[in-house]
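Descriptive analysis of the structure
Residue-level listing of the chains:
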There are 2 protein chains.
Amino acid sequence: MMKATVYVTIKQGVLDPQGVAVQGALHSMGFQEVESVRIGKFLELNLDTTDRAEAEERLKAMCEKLLANTVVEDYRYELEG
Amino acid sequence: MMKATVYVTIKQGVLDPQGVAVQGALHSMGFQEVESVRIGKFLELNLDTTDRAEAEERLKAMCEKLLANTVVEDYRYELEG
């Protein structure tokens, strides 16, 4: 059993409207020190496997095919266990 | 200038339908080793402040008031710079 954590972020240079909205909300609540907000997601996956190299290769495939939209998003992952 | 990263996760015991949907999609794509998926979000905030203690206190307030729904979500944060 291995545990993988995948972090998906919007690429630098791509507009993050959700982050802009949250920044606006924080400003209107009095948190003026917030200069920018960018929002990403992370996924925690439990993998029923013991082969680390294979798990990593398949995890990369999951990211490319489903978890991240590589046109506008970057991803990175951590694998443990 | 400080950089804060806030991680928001759904509490243990609360159903994560988005994670269940992603797990189902991965299974149907042949990734049978995926036993469970839970999805969270993270926010990267740039804060125009130098007082670490105050920044942390205000960051906690942002999480409680806007960034996390503490009824069903947990949050943790890292502060650097």
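Residues numbered from 1 in each chain as written. Chains lettered and ligands numbered in written order. Predicted model: local features only at pLDDT ≥ 70, side-chain atom pairs only at ≥ 80, totals over all residues. Heavy atoms only, no water.

Heads up, the condition is: UniProt positions are given in the numbering used here, feature names are shortened, and annotations may be inferred rather than shown by experiment.
Looking at an unreviewed UniProt entry, one finds chain A named Phosphoribosylformylglycinamidine synthase subunit PurS and attributed to Paenibacillus pini JCM 16418. On record in UniProt, under Catalytic activity (unreviewed entry), the comment for chain A is "N(2)-formyl-N(1)-(5-phospho-beta-D-ribosyl)glycinamide + L-glutamine + ATP + H2O = 2-formamido-N(1)-(5-O-phospho-beta-D-ribosyl)acetamidine + L-glutamate + ADP + phosphate + H(+)". The annotation that UniProt attaches to chain A under Sequence similarities (unreviewed entry) is "Belongs to the PurS family."

**Observations regarding helix α2 (residues 52–67) of chain B**
Stated precisely, the cut-off is as follows: Here a strand is any run of E in DSSP of at least two residues, a helix any run of H or I of at least four, and the numbering for each starts at the N terminus. Helix span, expected: 1.5 Å multiplied by one less than the number of residues in the helix. Remark: exposure states derive from per-residue accessible area (1.4 Å probe, protein chains only) relative to the maximum for the residue type, with buried under 20%, exposed over 50%, and partly exposed in between. Regarding the arc, it is the one traced by the directions from the helix axis to the C-beta atoms. Whether two residues touch is decided by their heavy atoms; if any such pair falls within 4.5 Å, the residues are in contact. Throughout this description, a polar contact denotes any pair of N or O atoms lying within 3.5 Å of each other; where both atoms belong to protein, one of them has to be capable of donating a hydrogen while the other can accept it, and for residues adjacent in sequence the pair is counted only when both atoms sit in side chains.
Here α2 of chain B spans only 20 Å end to end across 16 residues, well under the 22 Å set by a 1.5 Å rise per residue. All of the buried residues along α2 of chain B are A55, L59, M62, C63 and L67 of chain B. Taken around the axis of α2 of chain B, the buried residues stretch over an arc of 100°, which confines them to a single face. Exposed positions of α2 of chain B whose direction lies more than 90 degrees from the buried face are A53, E57 and K65 of chain B. Elements that come into contact with the buried residues of α2 of chain B comprise α1 (17–28) and β2 (34–47) of chain A together with β1 (2–10), β2 (34–47) and β3 (73–80) of chain B. If you check the start of α2 of chain B, you find a side-chain oxygen 3.1 Å away from the backbone N of A53 of chain B, and it comes from D51 of chain B.

**Let's talk about the packing of helix α2 (residues 52–67) of chain A against helix α1 (residues 17–28) of chain B**
Rules: In this description, a line fitted to the C-alpha atoms serves as the axis of each element, helices being fitted only across the stretch in contact, and the angle between N-to-C directions of two axes falls anywhere from 0 to 180 degrees. Should an angle fall under 35 degrees it is taken as roughly parallel, and over 145 as roughly antiparallel, whereas 65 to 115 is taken as roughly perpendicular and any remaining angle as oblique. Left-handed is the label given to a crossing in which the near helix is rotated counterclockwise from the far helix by less than a right angle, and right-handed is the label when the rotation is clockwise. When residues are grouped by polarity, Ala, Val, Leu, Ile, Met, Phe, Trp, Tyr, Cys and Pro land in nonpolar, Asp, Glu, Lys and Arg in charged, and all others, Gly among them, in polar.
Across the interface, α2 of chain A lies against α1 of chain B with an axial gap of 11 Å and an inter-helix angle of 110°. On the basis of the axis angle, α2 of chain A is roughly perpendicular to α1 of chain B. α1 of chain B is crossed by α2 of chain A, and the crossing has right-handed handedness. Listed contacts from α1 of chain B to M62, L66 and L67 of chain A of α2 of chain A are V22, A25 and L26 of chain B. Its residues assigned to classes, the contact of α2 of chain A with α1 of chain B comprises six nonpolar, no polar and no charged.

**Things to note about the side chain of E73 of chain B**
Note the following rule: Positive charge is attributed to Lys and Arg, negative charge to Asp and Glu, and no charge count is given to His or to the chain ends. Between Lys or Arg on one side and Asp or Glu on the other, a salt bridge is scored when a side-chain nitrogen of the former is within 4 Å of a carboxyl oxygen of the latter.
The topology assignment puts E73 of chain B in strand β3. Comment: no salt bridge for buried E73 of chain B; closest opposite-charge side chain is K41 of chain B, at 4.8 Å.

**Some details on the interface of chain A and chain B**
Our working definition: In this description, buried area is defined as the sum, over both parts, of the accessible area (probe of 1.4 Å) that is lost when the two are combined. By the convention used here, strands pair only if DSSP detects at least 2 bridges between them.
In this complex, chain A contributes 33 residues to the contact, which on the side of chain B involves 33 residues. The junction of chain A with chain B conceals about 2900 Å² of combined surface from both sides, 65% of it contributed by carbon and sulfur atoms. Counting across the chain A and chain B interface gives two salt bridges. Note that E33 of chain B is salt-bridged to R58 of chain A, the shortest N-O span being 2.6 Å. Our enumeration of links across chain A and chain B arrives at 14 residue pairs in polar contact (both at pLDDT 80 or more). Broken down by secondary-structure element, the contributors of at least two residues to the side of chain A that touches chain B are β1 (2–10), α1, β2 and α2 of chain A. Its residues assigned to classes, the side of chain A that touches chain B shows 19 nonpolar, six polar and eight charged. When β2 of chain A meets β2 of chain B, the two strands line up antiparallel, connected through 13 bridges. Looking across to β2 of chain B, one finds that F42 of chain A is bridged to G40 of chain B.

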